[in-house]
Every structure is written in structure tokens, then in C-alpha cells.
Amino acid sequence: MGQPSPGEEQPFIEPFTPRETDILALLAEGMSDREIADCLVVATSTVKWYNRQIYDKLGVSGREQVVERATTLGLLDTLEATTHWPHNLPAQTTPFIGREQELVQLADLLADPEVRLITILAPGGMGKTRLPKMMSPALKLSLVPVTSLGCPHSRMCNDSGSRCSSPT
């Protein structure tokens, strides 16, 4: 099963979704379902479901066959494994300007081995989420909503000795 000759018709392959593309690239790297799930921050069952979709689209029944078929069709030539952490943040439609000082401060904090946690506080719309994203696409940063850590006022409440009245 080699590449089709110039006069031979290329078989129709239903287009892959972005997630299928990511998973196909990681399958080609030899990653297990568990490793792919960890890399993409999804459940192993989700990876298995996408594997079945990819197998169906390529007309194969196994991991080795899918890589062989994708290679034969030249699909892997254009694929790269996901190098970013998936997120559900909206696309940035405006330029990121005027925050050089904050970027330098954040870089200094990230380089300091004594700093284990960085919290960015500001009013809504000030770029708290975008600031660390602009540091470098290669950085694997975990952005955790303060509300997921419990009461966002807990330290202030504890420091001032008052009771927190915010719902947790």
C-alpha cells in the first residue's frame, strides 16, 4: 500500500477535527491513551472515543494501522503534536501592548526558585489571564480560578480577624 501514483486518484478522507488531529499526531509519536489523556487534559475514555473516530475515518482497526495509513496518505507530514495546553479562553483579537514592565516582573518571579505560587489580582478586564499567556507559548502555566481554591477572601479575612461572609 504505497503512495498513489500521479494518475491515481487520492482516496477521500473525511476531514479531521482539531482534537482528532492532535490525537493522531500523538498516536504517531507512540503515546499510550493514558499519556495522550494526560497531555491533552482529558479523560482516557475521551481519547478512546476519538481513536475510534480516527480509525473509522481512515478505515483501519488498530493503532499501528492508523499510523501506517496516515503515513501512507501523507497526513503526518503536516501534523505536529500539541505543544500548548488546551484551554477554553477566547481568541485574542486585540494587540497586547503596554505591559512590558509587568511581563518583566512576572518573568523575574517565574525565574525565582523561592516563588512557588503567583497570584495576579486586578479588576475585571485588566488582562490577568492574558498576561501569563503572553510570557511564552512554551511555558506550561496552570491558570486556576481563585474561586476553585475556596473563599477568594480567605487570606484577607484571616489577616483582619473578620469572618468571611462570601458564599464558598
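Conventions and cut-offs
Residue numbers run consecutively from 1 along every chain, following the written order of its sequence. Where local features are concerned, this predicted model is filtered to residues with pLDDT of at least 70; where side-chain atom pairs are given and counted, the filter is 80 or more; whole-chain, interface and lining totals use all residues. Note that the side-chain values use all heavy atoms of the structure and ignore hydrogens as well as water. Think of it this way: any DSSP run of H or I at least four residues long counts as a helix, any run of E at least two long counts as a strand, and we number them from the N terminus. Burial status follows relative accessibility: with a 1.4 Å probe on protein chains alone, a residue under 20% of its type maximum counts as buried, one over 50% as exposed, and anything between as partly exposed. Any pair of residues with heavy atoms lying within 4.5 Å of one another is described as a contacting pair. Aromatic pairs are defined between Phe, Tyr and Trp rings, using the six-membered ring for Trp, whenever the two ring centres lie within 6.5 Å; interplanar angles under 30 degrees are classed as stacked, those over 60 as edge-to-face, and all others as tilted. Each salt bridge in this description consists of a side-chain nitrogen of Lys or Arg and a carboxyl oxygen of Asp or Glu lying within 4 Å of one another. Think of a nonpolar core as a cluster: buried Ala, Val, Leu, Ile, Met, Phe, Trp, Tyr and Cys residues, connected wherever their side-chain atoms sit within 4.5 Å. As a per-residue quantity, pLDDT reports the predictor's confidence and falls between 0 and 100. Fitted lines through C-alpha atoms give the axes, limited to the stretch in contact for helices. The angle between two N-to-C directions lies from 0 to 180 degrees. Orientation is classified from the angle alone, with under 35 degrees giving roughly parallel, over 145 giving roughly antiparallel, 65 to 115 giving roughly perpendicular, and any other angle giving oblique. Two helices cross in a left-handed way if the nearer one is turned anticlockwise from the farther one by less than a right angle. They cross in a right-handed way if the turn is clockwise. When residue character is reported, Ala, Val, Leu, Ile, Met, Phe, Trp, Tyr, Cys and Pro are called nonpolar, Asp, Glu, Lys and Arg charged, and the others, Gly included, polar.

1. With respect to the overall build of the protein chain
Helix and strand counts for the protein chain come out as seven helices and zero strands. In sequence order, the protein chain lays out its α and β elements as α-α-α-α-α-α-α. Each of the 168 residues in the protein chain was classed as buried or not, and the buried ones make up 23%. The contacts of the protein chain with a sequence gap of at least 6 include a subset with a gap of at least 24, amounting to 61%.

2. With respect to the packing of aromatic side chains
By the definition in use, this model includes one aromatic pair. Taking the centre distance of 5.0 Å and the plane angle of 85 degrees together, the rings of Trp49 and Tyr50 count as edge-to-face.

3. Overview of the pattern of salt bridges
Note on pairing: side chains with opposite charge can pair once their charged atoms come close. If you walk through the whole model with that rule in mind, you get three salt bridges. Across the pair Lys57 and Glu20 runs a salt bridge, and its minimum N-O distance is 2.6 Å. Taken together, the positions of Lys57 in helix α3 (residues 44–58) and Glu20 in helix α1 (residues 18–28) put the pair 37 residues apart, joining distant regions of the chain. Residue Lys57 shares its accessibility class with Glu20, and that shared class is buried. Of the charged contacts in the structure, one is a salt bridge between Arg63 and Asp33, with a shortest N-O distance of 2.4 Å. Residue Arg63 is found in helix α4 (residues 63–72), and its partner Asp33 is found in helix α2 (residues 33–40); the two are separated by 30 residues along the sequence.

4. Details of the nonpolar core
By size, the foremost hydrophobic cluster in this structure holds 19 residues, and its most contacted members are Ile23, Leu24, Leu27, Ile36, Ile54, Leu58 and Val66. Mapped by element, the contributors of at least two residues to this core are α1, α2, α3 and α4. When residues in this core are grouped by element, the largest group, five residues, is from α3. If we skip the residues at most four places from it in the chain, Ile36 touches Ile23, Leu26, Leu27, Met31, Val47 and Arg63.

5. Details of the confidence of the model for the protein chain
On average, the protein chain scores 74 in pLDDT, and the residues at 70 or more come to 64%. Across the protein chain, the element-wise mean pLDDT spans from 41 in helix α7 (residues 154–160) up to 95 in α3. Here residues 148–168 is a poorly scored stretch, pLDDT under 50, and it has ten contacts once near neighbours within four places are set aside; other chains count.

6. What to know about the packing of α1 against α2
Viewed as axis vectors pointing N to C, α1 and α2 meet at an angle of 130 degrees, and their least axial separation amounts to 10 Å. Classified by the angle between their axes, α1 and α2 sit oblique to one another. Between α1 and α2 lies a crossing whose hand is right-handed. Contacts between α1 and α2 involve Arg19, Asp22, Ile23, Leu26 and Leu27 from the first element and Ile36, Cys39 and Leu40 from the second. Across the contact of α1 with α2, the residue classes tally to six nonpolar, no polar and two charged.

7. Structural notes on the environment of Leu106
Within the secondary structure, Leu106 sits in helix α5 (residues 100–111). Each C-alpha atom, one on Leu106 and one on Pro132, is 7.6 Å from the other, the two residues being 26 residues apart in sequence. Among residues more than four places away in sequence, those in contact with Leu106 are Ile118, Leu131, Pro132 and Met135.

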